[in-house]
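Breakdown of the fold
Here is what each chain is made of, one letter per residue.
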Amino acid sequence: MTKRHRFTPPGVAFTFAGGITLVAWGTLAWWSQSGGASLGWMLTTMTVAWTALAWALAHASGRDSPGILVFGIAFRLVALTAQPVMEDDHYRFLWDGYRFAATGNPYTAAPSEHFADAAIPPEFHRVLDRINHPDVPTIYGPLTEWMFRLCHAIAPAQLWPWKLGLLGAELTILALLWPGLSTRGRLLLAWCPLAIFETGFNAHPDALALALLVAAWWLGRRAWSGAAAVALGLAVAAKVFAVLLAPFILWRLRRRAWLVAAATVILLYAPFWLRGSLADFAGLRAMAAEWEFNSSIYAIVAWFASPTVARAAGGLAFGAIWLAFFARWRAPSPATERLPPGEWIYGAFLLLSAVANPWYCLWLWPFVAGRISATGLCALAAVSLAYVTGMNLGDASLGNFGHPWWLRPVEFGAIGIAAIFDWRKRKPVREPQ
């Protein structure tokens, strides 16, 4: 019986799709170590990985294969050996770890203030020269900064300790969500190309906060309110995005859990506040006020009105959407026993935000795995088109972070078409009279 199942179409599909994907990730990792991978190689790899995943999803049945998890881990081990591709955020991680170790507070000064500092070790001068937006203080939360400091203590100016930590965070997400997912959900959770690329290759820190957020939900379902509250506070202190789902998790816990979660956040922020810094809020404030990248609804409103009006309108619209979902969540129902509606909350946030970096869409990933939809899959796939910028194309006329005129209509148009497909699929069919 077992032997026959191994060669059923789903088993063949998983093996074939997983093997092709592993070759694609291995090739991209090799290029990243051999002078850097081009935009073309990255887009080709993502196309192959998403096509293989779509084929495996189409052939998935109710009974999955252990090969799903084996391939998912293999993809991440390959990514662990790679250098970041078309990303330089990791230099900020290395720099923050060094400044935290040297001064006890990585928030006190922007990197640009150290350009003429002769006391900086040579290996960190090379790091400093490659930091983007060096005039802006760091935007990473205190727990993430503590992780940067720990990695600095292990291997200064080296990225591999941080990538190992992120691998542990991803494996935590897989372990906690795996038992409750369908075969398709497990495929997406283990094989999601956006997660492999943005976490495994580019080492973005979102997986750390996501792992803690998922852990808070998992602990809360088991009525471990105190532990869930601490995990939730740690998630918010890792990346402020977690606060958007915090009330959805806390609502089902004991009332004191709200205090425990708040106290956890304050304890992590307090040492930096007491030293006279605003922690990550100074950098986040500059980002919120000045930056724009890969926006959709915000860009349309800003074009007709102004950036100030677009930010205000987006904030009000998101507040209304958030309140509507939270009001629905408060009512006891079987749906509230499942994952919170993270794909809707973070999806709305990114559509209305001035900045929608590809790795921000990782906040959709575990929730889309729990509730597979064409819209969620398309959003996770299409957002990598944001790397088609003037800098990566070598087109100075677009500016470093500008996009060709056609890119955002293609990116968000595809997501819109997928949303219409999902709506039509769920629309009740009227019986003929």
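Residues numbered from 1 in each chain as written. Predicted model: local features only at pLDDT ≥ 70, side-chain atom pairs only at ≥ 80, totals over all residues. Heavy atoms only, no water.

Take the pattern of salt bridges next. Evaluated as defined, the whole model comprises 4 salt bridges. Close ionic contact of Glu-292 with Arg-408 constitutes a salt bridge, the shortest N to O distance being 2.8 Å. With a gap of 116 residues between them, Glu-292 in the loop between helix 15 (281-290) and helix 16 (297-304) and Arg-408 in helix 22 (residues 407-426) connect regions that are remote in the sequence. For Arg-408, a relative accessible area of 19% puts it in the buried group. (Salt bridge = Lys/Arg side-chain N within 4 Å of Asp/Glu carboxyl O. Helix = DSSP H or I, 4+ residues; strand = E, 2+ residues; numbered from the N terminus. Buried < 20%, exposed > 50% of the residue type's maximum accessible area, 1.4 Å probe, protein only.)

Examined against the element boundaries, Arg-99 turns out to sit in helix 5 (residues 89-103). One buried charged residue, Arg-99, remains without a salt bridge, the closest side chain of opposite sign being Asp-117 at 5.0 Å. Once residues within four sequence positions are removed from consideration, Arg-99 is found in contact with Gly-104, Asn-105, Pro-106, His-114 and Ile-120. (Lys, Arg positive; Asp, Glu negative; His and termini not counted. Contact = heavy atoms within 4.5 Å.)

A few words on the side chain of His-204. Positionally, His-204 belongs in the loop between helix 10 (193-201) and helix 11 (206-221). We classify His-204 as buried; its relative accessible area is 0%. In this structure, His-204 is in contact with Glu-87, Asp-89, Phe-93, Leu-166, Glu-198, Thr-199 and Trp-359, ignoring residues within four places of it in sequence.

With their axes 7 Å apart at the nearest point, helix 16 and helix 17 (residues 307-330) run at an angle of 135 degrees to one another. Classified by the interaxial angle, the pair formed by helix 16 and helix 17 is oblique. Both helix 16 and helix 17 take part in a crossing whose hand is right-handed. Seen from helix 16, the contacting residues are Tyr-298, Val-301 and Ala-302; seen from helix 17, they are Pro-307, Ala-310 and Arg-311. Here the residues of the contact of helix 16 with helix 17 sort into 5 nonpolar, no polar and 1 charged. (Axes fitted to C-alpha atoms, helices over the stretch in contact; angles between N-to-C directions. Parallel < 35°, antiparallel > 145°, perpendicular 65-115°, else oblique. Left-handed = near helix turned anticlockwise from the far one by under 90°. Nonpolar A, V, L, I, M, F, W, Y, C, P; charged D, E, K, R; others polar.)

Taken residue by residue, the chain gives an average pLDDT of 91. The fraction at 70 or more is 94%. Element-level mean pLDDT values for the chain span from 42 in helix 1 (residues 2-6) up to 98 in helix 10. A low-confidence stretch, residues 1-8 stays under pLDDT 50, and its non-local contacts, those more than four residues away or across chains, total 4 contacts. (pLDDT = per-residue confidence, 0-100.)

This part takes up helix 22. End to end, helix 22 covers 29 Å across 20 residues, agreeing with the expected 28 Å (1.5 Å per residue, within 8%). Those residues of helix 22 not exposed but buried are Leu-407, Arg-408, Glu-411, Phe-412, Ile-415, Ala-418 and Asp-422. Buried residues belonging to helix 22 abut helix 16, helix 18 (342-352) and helix 20 (374-382). (Expected span 1.5 Å × (residues − 1).)

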